[in-house]
Amino acid sequence: MKKSFKLFLAAAFLVTEFFVVALPLMITSAKADGHPIQAITHAGFGGGTDVTTRMMLLRTRRYLKQDMQLVNKKGGGGAASMDYMMTLPADGQHTLTWTTGHAVSMALGKTKVKLSDMQPLARGTDDPQLFVVNCKNDIKDAKKFISAQKSKSLKYGTTHVGGIDDVSAIAFTKKGKLTDPTIVPYKGVGPIKTNLIKGDIDVGVLNLGEAVTEIEDGTLCVSVVLASNRMEKLSNVPTATELGIPVVLSTVRGFVTRKGVPADRKKQLEDAMIKAMEHKYFQSFLTDIGLDSTSVVGADEWGKQMEVMLAEMTAQLKALGYINSVSYTHLRAHETDSYLVCRLLLE
C-alpha cells in the first residue's frame, strides 16, 4: 500500500472520529431528536469494509447535513450486523455496509434476514476476482489457460475455504465444462503470491489491489477477469464472459437500509452517497486500490448485483459441499420478485 494512501486513510479516520464528536454541535440534524445515522459494519478497523465505509462517510454526512456514526457489529461473517439492522425501525436513520461475506452468510443460513428485507442504496467498491498466474507460465494467455484445464486440474490458491475465492474457481471450471480445480487454501494473500512465484500453485485468485505491484513489475500476470466488462487498468485482459464462460464475481462493498424506509428518505440517502463517492476524495481512494469510477453505482444496479451474487454463492457453496442440502424453504427465503433464486438453483 502506498505511503500516500496510508496518510490519506489516517486522515480519513481522524476526520471520521472528529465528526462523530463535533458534528452534532456544528449542524442541525435532519431528524428532530438530533440522533446520528448509524453506519453499521461487521469488520474491524483498517479492513476493506471499514475503510470503504469511512471514505463514504467523509462527504455523505455533509450532503445530508446530519452526523453519521460507525457502529460495529461483528459475528457470523456479517450475520450479526444484518440481525442488528432488523432490530431498528425503518426510518432511514441507519445504513449497513453489505459485502460478499454477507452473501456467503445468507447462503449458509447463518441469518434469517432476506434480501427482501433490505433496500439497496449504492455500491462503493466492485473489485473483480482475477485469475493470476506466474508470467513465466504459458497459461498467462487466456485461451491457453482454458485449454490447459480441459485435460488436467490446476492448483488454485485461495484465502481460506468456503468463500468467494474457491467459489470463483469452482464456478469458472463448472460453467466452462473444465476439469475441477484443486483448491489450495492459504491464510492470506502473501502466501498465494509467494507460491505462485515459486511455482507451487498454478493460479492465484486475487483482486487487483492485492497484486498490483507484482503485476506492474511483470512477475505476475492476469489471465482472466471475472467482471462484466474489462477493467481500465487491465484493458488487454479478457473477461470470462468474453471467453464464453458467464461468471461475474467480485469482492463488493455497498450500502443498504431496511426495507420500508419512506421513498423520499431512501432517495435522499442514495443521492448523498452517490454524490459523496463521486467526489475526488473517494475517487482517489478507488485509484489507490486499483479500481476506477465504475465501482460506484446506484440502487437499481446494486440491488440486481446483490441478487445475482447470492444466487451464485448459494449454488456454488452447495457444489463445494458447504451446504449439504438446500431445502425449498431455504430457497424461498431468499427469493425476490425480480430474481427467483430458487428457480435458478433447481434448473
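Residues numbered from 1 in each chain as written. Predicted model: local features only at pLDDT ≥ 70, side-chain atom pairs only at ≥ 80, totals over all residues. Heavy atoms only, no water.

1. Considerations on the layout of surface pockets
- Of the volumes computed, that of the second largest pocket is approximately 550 Å³.
- In this structure, the second largest pocket is lined by 25 residues; those nearest its centre are Arg123, Asp126, Ala227, Ser228 and Asn229.
- Listed by contribution, the elements that provide at least two residues to the lining of the second largest pocket are strand E4 (118–134), strand E9 (250–258) and helix H11 (299–320).
- For the lining of the second largest pocket, the element with the highest residue contribution is H11, accounting for 5 residues.
- Each residue belonging to the lining of the second largest pocket can be placed in one class, and the counts come to 10 nonpolar, 7 polar and 8 charged. (1 Å grid on protein atoms, 1.4 Å probe; cavity = no way out; pocket = protein on both sides within 12 Å on 5 of 7 lines; lining within 4 Å. Points joined across faces, edges and corners; volume = space filled by probe spheres on them. Helix = DSSP H or I, 4+ residues; strand = E, 2+ residues; numbered from the N terminus. Nonpolar A, V, L, I, M, F, W, Y, C, P; charged D, E, K, R; others polar.)

2. Considerations on the packing of helix H2 (residues 48–64) against helix H9 (residues 263–277)
- Their axes nearest at 8 Å, the elements H2 and H9 cross at an angle of 130°. Here H2 lies oblique to H9, going by the angle between them. Of the two possible hands of crossing, H2 and H9 adopt the one that is right-handed. Within the contact between the two elements, H2 uses Met56, Arg59, Thr60, Tyr63 and Leu64 and H9 uses Arg265, Gln268, Leu269, Ala272, Met273, Lys275, Ala276 and Met277.
- Partitioned by chemical class, the residues of the contact of H2 with H9 number 8 nonpolar, 2 polar and 3 charged. (Axes fitted to C-alpha atoms, helices over the stretch in contact; angles between N-to-C directions. Parallel < 35°, antiparallel > 145°, perpendicular 65-115°, else oblique. Left-handed = near helix turned anticlockwise from the far one by under 90°. Contact = heavy atoms within 4.5 Å.)

3. Quick notes on the confidence of the model for the protein
- In this model, the protein carries an average pLDDT of 85, and 84% of its residues clear a pLDDT of 70 or more.
- Note that residues 16–32 has pLDDT below 50 and, in this model, 32 contacts with residues that lie over four places away or in other chains. (pLDDT = per-residue confidence, 0-100.)

4. Looking at the pattern of salt bridges
- Inspection of the entire model under this criterion finds 9 salt bridges.
- One salt bridge connects Lys193 with Glu214, and the closest N-O pair in it is separated by 3.2 Å. Residue Lys193 is located in helix H7 (residues 189–198), and its partner Glu214 is located in helix H8 (residues 208–216); the two are separated by 21 residues in the primary sequence. Across the pair, Glu214 and Lys193 agree in class, each one buried.
- A salt bridge links Asp200 to Lys198, with the shortest nitrogen-to-oxygen separation between them at 3.4 Å.
- We classify Asp200 as partly exposed; its relative accessible area is 38%.
- For Lys198, a relative accessible area of 57% gives the class exposed. (Salt bridge = Lys/Arg side-chain N within 4 Å of Asp/Glu carboxyl O. Buried < 20%, exposed > 50% of the residue type's maximum accessible area, 1.4 Å probe, protein only.)

5. Some points on H2
- An ideal rise of 1.5 Å per residue puts 24 Å on 17 residues; H2 measures up with 24 Å between its terminal C-alpha atoms.
- At Leu57, H2 shows its strongest bend, of approximately 35°.
- At the C-terminal side of H2, Lys65 shows a positive phi close to 55°. (Expected span 1.5 Å × (residues − 1). Bend = angle between axes of the 7 residues up to and from the residue.)

6. With respect to the side chain of His42
- Its place among the elements puts His42 in the loop between strand E1 (37–41) and H2.
- Not counting chain neighbours up to four residues away, the residues in contact with His42 comprise Thr49, Asn72, Lys73, Lys74, Gly77, Gly78, Ser81, Thr99 and His102.

7. Re unusual backbone geometry
- With a phi close to 55°, Lys65 is a non-glycine residue in the positive phi region.
- Along the polypeptide, Lys65 turns up in the loop between H2 and strand E2 (68–72).
- In the Ramachandran plot, Lys177 falls in the positive-phi region, its phi being about 55° despite a non-glycine side chain.
- Of note, Lys177 is situated in the loop between helix H6 (164–175) and strand E6 (182–186).
- Here Lys177 falls in the exposed class, since its relative accessible area comes to 77%.

8. Remarks on a nonpolar patch on the surface
- Among the surface-exposed residues, Leu108, Val161 and Tyr322 lie close enough to one another that they form a single nonpolar patch of about 240 Å² accessible area.
- Tracing the chain through its elements places Tyr322 in the loop between H11 and helix H12 (328–333).
- Overall, the relative accessible area of 34% leaves Tyr322 in the partly exposed class. (Patch = residues over 30% accessible without salt bridge, like charges linked within 9 Å, V, L, I, M, F, W, Y side chains within 5 Å. Areas by Shrake-Rupley, 256 points an atom, 1.4 Å probe, with all protein chains shown as cover.)

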